[in-house]
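# Commentary on secondary and tertiary structure
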Amino acid sequence: SWGQEAIPQYRLVIPADEPVSRQIRQLRIQWESIFGNRAASEKPPSITLACFTAREEMEGTLMRWIQRISDQQACFPVVLNNVSAIPPEIIYIRVQDASPFSKLTGMLRSLGDFVTDSRVFDRPFIKLGCMPDDAPREAVMQYTHQAFHAAFMARKLILFRKEGDQWQVVSQFPFRETAA
């Protein structure tokens, strides 16, 4: 029956470009080598703007709404600055200036009409991984206080849908190119 069907989970992200993604993957490998586990995030390096569930028949409406949002958004620079932590578990790379994300997250809140379990993230960051429960505090402090600096242009949104234990790309929504 319809009440028993799993409602699809979605993530809406801004991906890092390839050179920055390579740097972040190196940090994730370093994280894994220090803590000897699979705590590193497997997802492509990106800034998650929202997570939500929505009935599959709403997907077309969702995509039109996200397209409308991305059509209003010009490309903008993202500067990443240093590794930090949200205790007790998330290790992340900080986005230096969150202000360009405010307009986007504000518009994304209006998706609440179409979705359930919606979380819009006001503090943009790129997740490196999770802290294992048994991680030595000194090692975590050392890792999370290392310098990191990179920058890329935010050029699009990508909508992912979870299928089984994999996240599949549903669609990409390019931003407007900034005027030369």
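Above: the structure in question.
Our subject in this report is the structure included herewith. (Residues numbered from 1 in each chain as written. Predicted model: local features only at pLDDT ≥ 70, side-chain atom pairs only at ≥ 80, totals over all residues. Heavy atoms only, no water.)

This part takes up the overall build of the protein chain. Looking only at helices and strands, the protein chain has four helices and nine strands in total. The helix and strand sequence of the protein chain, counted from the amino end, reads β-α-β-α-β-β-α-β-β-α-β-β-β. Expressed as lengths along the three principal axes of its C-alpha atoms, the size of the protein chain is roughly 50 × 50 × 25 Å. When burial is assessed residue by residue, the protein chain has 43% of its 180 residues classed as buried. A sequence separation of at least 24 residues applies to 79% of the contacts in the protein chain between residues at least 6 apart. (Helix = DSSP H or I, 4+ residues; strand = E, 2+ residues; numbered from the N terminus. Buried < 20%, exposed > 50% of the residue type's maximum accessible area, 1.4 Å probe, protein only. Contact = heavy atoms within 4.5 Å.)

Before going further, it helps to spend a moment on the pattern of salt bridges. Under the criterion given, the structure shown has seven salt bridges. The partner of E18 in a salt bridge is R22, with the nearest N and O atoms 3.7 Å apart. Of this pair, E18 and R22 both sit in helix 1 (residues 18-35), four residues apart, which is roughly one turn of the helix. Classification of E18 as partly exposed rests on a relative accessible area of 41%. (Salt bridge = Lys/Arg side-chain N within 4 Å of Asp/Glu carboxyl O.)

These values are about where atoms sit, not about what they do.
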